[in-house]
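Listed below are the residues making up each chain.
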Amino acid sequence: MKNDTKKGFYFKQYEAPNQSPFDKLFGIFKELITHTSGDFDEAIDWLRELDKEYKLTDEHYSIDDFIEDLKKKGYIKDELKDDGTSGIGITAKTERAIRQQALDQIFGNLKRSGNGNHKTKHSGNGDEHTGEFREFHFGDGLERISLTESLRNAQINNGVEDFMLTENDLVVEDTQYKSQMSTVLMIDISHSMILYGEDRITPAKKVAMALAELITTRYPKDTLDILVFGNDAWTIAIKDLPYLKVGPFHTNTVAGLQLAMDLLRRKRNTNKQIFMITDGKPSCVREKDGSYYMNSNGLDEYIVDKCYSQAQQARKLHIPITTFMIANDPYLQQFVNKFTEANQGKAFYTGLKGLGEMIFEDYETNRKKRIK
């Protein structure tokens, strides 16, 4: 019987994924709520404008229907505003959805693992099998002995007729340690993050949300602390990331580094690191008497020297600092180069494009370092 089956490629017109009206609007809404720092009313105003221009809805499903569905599904809630008036705010469920979307956008190629641990190059009495064998050492657990390989060694060493099993015949399956990583992510919220017609804070927020979601889902034994720095530095909770805004602040890099090192000193993990996202030069330090010394003109030697001192201090504590500079001014790159040299860390001049991918790759690389 003749086989008429044809091999090759079949082409057809692209068909967009079948999305419900709610899902289509919800994806856009999550983007808008991130850009508006959690302001529901402003996000909906933008959504209505987009609807007018791009016809996102029809007579069967309107923006008002979408808002009603948001309430029914538990994504928004009634709340009191700071001025005492009633309003609508997003819920923890929405915050999680925003983080998940950020992770999908930035780390879309990521395949999640179940346990969320990382491998190191340091083998020994660890907890993940490598598939290789080594000699039995005092202290190895009996459950790690490979009976098949040990009996094979006994036959080779002693022969079949005079068979005997000695300690020298024993082999164990090698394992690797699953270590933990403690990370502090520093985000610059000085006024320059929204100057010059470029929104730099939203990409930084997305990276922070994606990194938070990555660690909590893929590496649950790791720790992540997030701090922001302007005139001072303070920590923020993961749930507060969508609401993060810049302020009329200078850039107190020293305060951020001091807080980051203080947080990491309390961690028991061997692997520790600092990621710093910034777009500008350090322009502020706080003096011992509580006053602030500020200078936005160029690079102030007094301020940058204090930054270099903090970089050296982190190096002594074996805490590498990776700086992601999202500005391309030559004199700022010169400062970052000297700062990185003082810490023996790393620096990336990323711009906004590719920032998330670069942070993810560096995070993965740092987790594979050998534990000493």
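Residues numbered from 1 in each chain as written. Predicted model: local features only at pLDDT ≥ 70, side-chain atom pairs only at ≥ 80, totals over all residues. Heavy atoms only, no water.

(A) Representation of the overall build of the protein. Each helix and strand counted, the protein has ten helices and 13 strands in total. Residue burial in the protein is summarised as follows: out of 372 residues, 45% are buried. In the protein, of all internal contacts separated by at least 6 residues, the share reaching a separation of at least 24 is 70%. Accessible surface, the protein: about 21,400 Å² in total, of which carbon and sulfur atoms supply 49%. (Helix = DSSP H or I, 4+ residues; strand = E, 2+ residues; numbered from the N terminus. Buried < 20%, exposed > 50% of the residue type's maximum accessible area, 1.4 Å probe, protein only. Contact = heavy atoms within 4.5 Å. Areas by Shrake-Rupley, 256 points an atom, 1.4 Å probe, with all protein chains shown as cover.)

(B) View of a negative patch on the surface. On the surface, Asp78, Glu79, Asp82 and Asp83 cluster together into a patch of negative charge. Secondary-structure assignment places Glu79 in strand β1 (residues 76–80). By relative accessible area, Glu79 is classed as partly exposed at 34%. (Patch = residues over 30% accessible without salt bridge, like charges linked within 9 Å, V, L, I, M, F, W, Y side chains within 5 Å. Salt bridge = Lys/Arg side-chain N within 4 Å of Asp/Glu carboxyl O. Lys, Arg positive; Asp, Glu negative; His and termini not counted. Charge placed at Lys NZ, Arg CZ, Asp CG, Glu CD.)

(C) Structural view of the pattern of salt bridges. Applying the stated criterion across every chain yields a total of eleven salt bridges. Taking the shortest distance from any N to any O, the salt bridge between Asp64 and Arg48 comes out at 2.9 Å. Taken together, the residues span a long stretch of sequence, with Asp64 in helix α3 (residues 63–72) and Arg48 in helix α2 (residues 40–54) at a distance of 16 residues. Asp64 gets classed as partly exposed once you look at its relative accessible area, which sits at 49%.

(D) Up close: the packing of helix α1 (residues 21–35) against α3. Following both chains from N to C, one finds α1 and α3 inclined at 80°, their axes separated by 10 Å at the closest point. The angle between α1 and α3 places the two elements in the roughly perpendicular class. In this structure, α1 uses Phe22, Leu25, Phe26 and Phe29 to contact α3, whose residues at the interface are Ile63, Phe66, Asp69 and Leu70. A breakdown of the residues in the contact of α1 with α3 according to their chemical character gives seven nonpolar, no polar and one charged. (Axes fitted to C-alpha atoms, helices over the stretch in contact; angles between N-to-C directions. Parallel < 35°, antiparallel > 145°, perpendicular 65-115°, else oblique. Nonpolar A, V, L, I, M, F, W, Y, C, P; charged D, E, K, R; others polar.)

(E) Summary view of the side chain of Asn269. Assignment of secondary structure puts Asn269 in the loop between α7 (253–265) and β9 (271–278). A relative accessible area of 13% places Asn269 in the buried class. In terms of polar contacts, Asn269 uses its side chain to reach the side chain of Ser182, at 2.7 Å. When sequence neighbours within four positions are dropped, the list of residues in contact with Asn269 reads Gln180, Met181, Ser182 and Thr223. (Polar contact = N/O pair within 3.5 Å; in protein donor to acceptor, adjacent residues only side chain to side chain.)

(F) Expanded view of the environment of Met294. The topology assignment puts Met294 in strand β11 (residues 292–294). When its relative accessible area of 36% is taken as the criterion, Met294 is described as partly exposed. For the pair Met294 and Cys284, spaced ten residues apart in the sequence, the C-alpha separation amounts to 4.4 Å. Look past the residues within four positions of Met294 in its chain and what remains in contact with it is Asn231, His250, Ser283 and Cys284.

(G) Region of the structure containing the nonpolar core. Phe29, Phe66, Leu70, Leu185, Ile187, Leu211 and Ile277 are the most contacted members of the largest nonpolar core, which has 53 residues in total. Here this core takes ten residues from helix α6 (residues 201–218), the largest share from any one element. Among the domains, domain 1 (21–90) and domain 3 (182–369) are the pair contributing at least three residues each to this core. Contacts of Ile187, omitting those with residues within four sequence positions, involve Ile201, Ala204, Ala208, Ile226, Leu227, Val228, Phe229, Leu244 and Ile277. Counting residues in hydrophobic clusters, the runner-up holds 28 residues, among them Phe229, Ile303, Cys307 and Ala327. (Core = buried A, V, L, I, M, F, W, Y, C linked by side-chain atoms within 4.5 Å. Domains from an automatic or database assignment.)

Treat this as a map of the structure, not an account of what it does.
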